[in-house]
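For reference, the chains in residue letters:
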Amino acid sequence: MSTDVERIKAASRGLRGTLSESLAAPLTGAIAPDDTQLSKFHGIYQQDDRDLRLERQHQKLEPAWQFMIRARVPAGVCTADQWLALSQLAREHADGSLRLTTRQAFQLHGVLKRDLKPTIQAINKSLLDTIAACGDVNRNVMASPNPWRSDVHAQVTEAARAISDHLTPATRAYHEIWLDGDKLVGEAEAEPIYGATYLPRKFKIALAVPPENDVDVFAQDLGFIAIVRDGALLGYNVTAGGGMGATHGDPTTYPRLADVLGFCAPDEVVGIAEAVVTIQRDHGNRDERKRARLKYTIDDRGLDWFLGELAERRGRPLKPAAEFVFQRHTDRIGWTRGEDGRWHRSVFVQNGRIAGKQLAALDRIAESHRGPLLLTPNQNLIIASVAEKDRTGINRLLEQGEPDGSPLRQAAMACVAMPTCGLAMAEAERYLPDLIGKVSELFAEVGQADTDTVIRMTGCPNGCARPYLAEIGLVGKAPGKYNLRLGGDGKGQRLNRAWRDNLDEGQILEALGGLIRRWAAERDDDERFGDWTHRHVDFAAP
C-alpha cells in the first residue's frame, strides 16, 4: 500500500491541495496537516519552537508555529542584490539570521504564517525562488563553487544551472499560490518528467571539480565528476546511488556511497539527469518512505540492472570512467586567485549561521563590492571576483564580523537540529562549537593544535550535515547522547564506521582523548586521524 504522502501528492492537483485556504485560516498559526507535506515542494517546512513546547502546553496554547523557507541557489551563485534582499528579509520576517545550508542554499528561520507570502514574493523579486527546494523532487543542484575561478568552473556551474532548470517542476501551483498568478481551472498540468505523484523521495545532484570534493559527490543520488586535462573540460564521470540517511535501529536503512558508472561528454549531463530521475520515478519504493531513495533501488535491483536501464533510456551505454584524484572535501578559508587575475575570499561561517556583526559586515561588503557572493557546500561563503585594490577594504570589514576559526572549526559542520527541526533527537548547531573547543584541547595536548580533522554532527540519523563521511561523526541519539563514528578519509570517498553508541559528552571526550593520544604517538608521517582510526580501531569491540 502506498504511503499517506503518496495519497496526498496524487490528490493535490499539481501540488495545490488546500494551501491557499490554509494560509487564509485566521485562527491558527499552522497549516492543515496534508498541506504541511505539499508545502515542502514550495520550499517551506512548518516547525515549532521546541524550547517553548512545554510552557505553551501548560498554558493551553497551540505550539509556537513558525516556518522555515529555503531558497534555491543553483551552484551557490548569489548576486550582491540577492544577498541584500535575503538579509533584509531575515531581519523583517525571520529570526534575524541567514542560514547557509550544506546544499548551497539559503534558509530563513522563524517566519510566521502571515509573512510567508510576502517573503516568498520578495525572494522571487530578487530572481531566486523556493520551488523544489524541498519535497519529493530534485533539490538544489550543487557544484564546486565559483565560476570565476576558472573556465572549467564556469562550465560546471552552467551545467548545474541547466540541470536545475530542466528538472524544475512544471506545475503552475507555485505561481498561483505565492505570486498571485491565474488560477487553474480543471485538471492539473502534466508533469513530463515527474508524473502526477513526483518522485518517491527527495533527489540530490552535485557536480565536483577535482582535486576538491567539496560537494561530497559520493553522498549524492546522482553526481558528475569533472574530468579536466591541460585546463580543458573533457567530460564527466557519472556516479549514482549515494545517500546519507538512515534510521536508528533499522539495519535495512544505511548510508551509502555512490558507484562510479562511467564517463559522458559535457553536453550529455542534462539527458543523463533526466534518465536517472525517471528511473527512480518508475522503480523507486513508494510503499516504504525510509527505503525510497535511489540507493535502495540500486541495491534492491542490482547495479547491472540500473546500468542497463540507463543505457536503454538514453540509447547507449556510458563510456569507461576516467581517472581522477580528490585531495579534500573541506573549504580553504582565505584568499585565492583565479585564472583571470582577480581574487576570491572564502569566509568562515560557523555552522552556516550568519547573524549580528558578521551579517552586518557582509551586508556592507555586498553594498560596496557589488560582486557575487557564493555559498559553499560546507556552509561557508566566498566573496568572488575582487580587484586587487579592494582586498584591503574587504579584509577590514571582515575583521569586524568573521568568527575566529581554527582549522578544526573551519572543517566542522552541523545541522540545525534543536529547537526547530522536528526530527532532531539531540542538539547539533548550538552545541558543536562548545564541543569543538574541548576536542581542540585534546589535540593541543599532543602538539596537534592545527589539525583540520573533519568533525560533523547531526541531531538525528538523517545525515543533513553528511556526518557519515567525517573523520569523526557524531549522530544524535537522544538529548545529550550521540553515536560516535570514526574512520572517514578526509576526502569524502570512504564512509566512517559506527564505534560507540549513546555517549554523553564526558564519554565522547574520554573515548576521543585516548584515540588522539595513540594517533599522535603511532601514526605514519602526516597520516590523518581518520586514516589512522580506519586502520587501528577495533570496530567490532563493544
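Everything in this summary refers to the structure shown in the same document.

Rules behind the numbers
Note that residues are indexed from 1 along each chain, following the sequence as it is written. Given that the model is predicted, a residue must reach a pLDDT of at least 70 before its local features are reported, and side-chain atom pairs must reach 80 or more before they are shown or counted; all residues, however, enter totals for whole chains, interfaces and linings. In computing side-chain properties, one takes all heavy atoms of the structure into account and sets aside hydrogens as well as water. Each helix is a run of H or I in the DSSP string that is no shorter than four residues. Each strand is a run of E no shorter than two, and both are numbered from the N terminus. Radius of gyration: C-alpha atoms only; globule rule: 2.2 Å multiplied by the number of residues to the exponent 0.38. Only protein chains enter the accessibility calculation, which uses a 1.4 Å probe; a residue is then buried when its area is under 20% of its type maximum, exposed when over 50%, and partly exposed in between. Any two residues whose heavy atoms approach within 4.5 Å at even a single point are treated as in contact. A 1.4 Å probe and the Shrake-Rupley method give the accessible areas. Residues count as covered only by the protein chains that appear here. By the counting scheme adopted, Arg and Lys are positive, Glu and Asp are negative, and His together with the chain ends is not counted. Here the site of a charge means atom NZ of a Lys, CZ of an Arg, CG of an Asp or CD of a Glu. Here an axis means a line fitted to C-alpha atoms, over the contact stretch when the element is a helix, while the angle between two N-to-C directions is reported on a 0 to 180 degree scale. Orientation labels follow simple angle bins: below 35 degrees gives roughly parallel, above 145 gives roughly antiparallel, 65 to 115 gives roughly perpendicular, and whatever is left gives oblique. Crossing chirality is assigned from the near helix's rotation relative to the far helix, an anticlockwise turn below a right angle marking it left-handed and a clockwise turn marking it right-handed. By definition, disulfides here are pairs of cysteine sulfur atoms that lie within 2.5 Å. Note on pairing: two strands pair once DSSP finds at least 2 bridges between them. Definition used for salt bridges: Asp or Glu carboxyl oxygen within 4 Å of a side-chain nitrogen of Lys or Arg. Think of a nonpolar core as a cluster: buried Ala, Val, Leu, Ile, Met, Phe, Trp, Tyr and Cys residues, connected wherever their side-chain atoms sit within 4.5 Å. In the analysis that follows, any N or O atom pair within 3.5 Å is treated as a polar contact, provided that within protein one partner can donate a hydrogen and the other can accept it, and provided that, for residues neighboring in sequence, both atoms belong to side chains.

Quick look at the overall build of the protein now. When you go through the protein residue by residue, the secondary structure sums to 17 helices and 20 strands. Rg of the C-alpha trace for the protein: 23 Å, near the compact-globule value of 24 Å for 542 residues, within the 12% margin. Considering only C-alpha atoms, the protein reaches an extent of 70 × 60 × 60 Å along its principal axes. In the protein, buried positions account for 57% of the 542 residues. The contacts in the protein between residues at least 6 apart in sequence include a share of 68% that link residues at least 24 apart. Approximately 21,600 Å² of the protein is accessible, and the part contributed by carbon and sulfur atoms is 49%. For the protein, the centre of its 69 positive side-chain charges and the centre of its 74 negative side-chain charges are spaced 2 Å apart.

Where helix 7 (residues 151-166) contacts helix 9 (residues 269-283), the two axes come as close as 9 Å, and the packing angle between them is 40 degrees. Comparing the axis directions of helix 7 and helix 9 gives the class oblique. Crossing of helix 7 against helix 9: the hand is right-handed. Residues Ala-159, Ala-162, Ile-163 and His-166 of helix 7 form the contact with helix 9, whose participating residues are Val-269, Val-270, Ala-273 and Glu-274.

Two cysteines, two sulfur atoms, one covalent bond between them: this is a disulfide. Taken as a whole and assessed by the stated rule, the structure comprises 0 disulfides. Counting only cysteine sulfurs, Cys-464 is the nearest neighbor of Cys-134, a cysteine outside any disulfide, at a range of 10 Å. In this structure Cys-415 is not part of a disulfide, and its nearest cysteine sulfur, from Cys-464, lies 6.1 Å away.

What follows covers the pairing of strand 1 (residues 44-48). The element strand 1 is extensively covered by neighbouring structure, given that 4 of its 5 residues are classed as buried. Where strand 1 and strand 2 (residues 65-71) come together, 5 bridges link them in antiparallel fashion. In the sheet register, Tyr-45 faces strand 2, and the bridge partner there is Met-68.

What follows is about the side chain of Glu-191. Tracing the backbone through its elements, the reader meets Glu-191 in the loop between helix 8 (173-179) and strand 7 (205-208). The charged side chain of Glu-191 is buried without a salt bridge, its nearest counter-charge being Arg-16 at 7.8 Å. When sequence neighbours within four positions are dropped, the list of residues in contact with Glu-191 reads Pro-169, Ala-170, Thr-171 and Tyr-198.

A few words on the pairing of strand 9 (residues 232-240). For strand 9, the buried fraction is high: 7 of the 9 residues fall into the buried class. Between strand 8 (residues 222-229) and strand 9, which pair antiparallel in sequence order, lie 2 residues; one of them, Asp-230, sits at a positive phi of approximately 55 degrees.

Ranked by internal contacts, the top residues of the largest apolar core, which has 94 residues, are Trp-83, Phe-106, Leu-207, Phe-224 and Tyr-236. In terms of residues, this core owes the most to one element, helix 9, which gives 7 residues. Not counting the four nearest positions on each side in its chain, Leu-207 is found in contact with Val-141, Met-142, Ala-143, Ser-144, Val-156, Ala-159, Ala-160, Ile-163, Val-215, Phe-224 and Tyr-236. Judged by nonpolar contacts, the second largest core, of 36 residues, contains Cys-415, Leu-435, Ala-511 and Leu-515.

The residue Asp-300 is located in helix 10 (residues 294-301) in this model. Distance from Asp-300 to Ser-385, taken between C-alpha atoms, is 46 Å for residues 85 residues apart in sequence. At 2.6 Å, the side chain of Asp-300 forms a polar contact with the side chain of Arg-291.

Turning next to the pattern of salt bridges. Any two side chains of opposite charge can pair if their charged atoms end up close together. This structure, assessed with the given rule, holds 43 salt bridges. One salt bridge connects Arg-345 with Glu-402, and the closest N-O pair in it is separated by 2.9 Å. With Arg-345 in strand 12 (residues 343-347) and Glu-402 in the loop between helix 13 (391-398) and helix 14 (407-410), this residue pair connects regions lying 57 residues apart in the sequence. Glu-402 shares its class with Arg-345; the two are buried. Across the pair Arg-535 and Asp-524 runs a salt bridge, and its minimum N-O distance is 3.5 Å. One end of the pair, Arg-535, is in helix 17 (residues 529-536); the other, Asp-524, is in the loop between helix 16 (505-522) and helix 17, with 11 residues separating them in the sequence. By sharing partners, the salt bridges in this structure join Glu-6, Lys-9, Asp-136, Arg-286 and Arg-289 into a single network.

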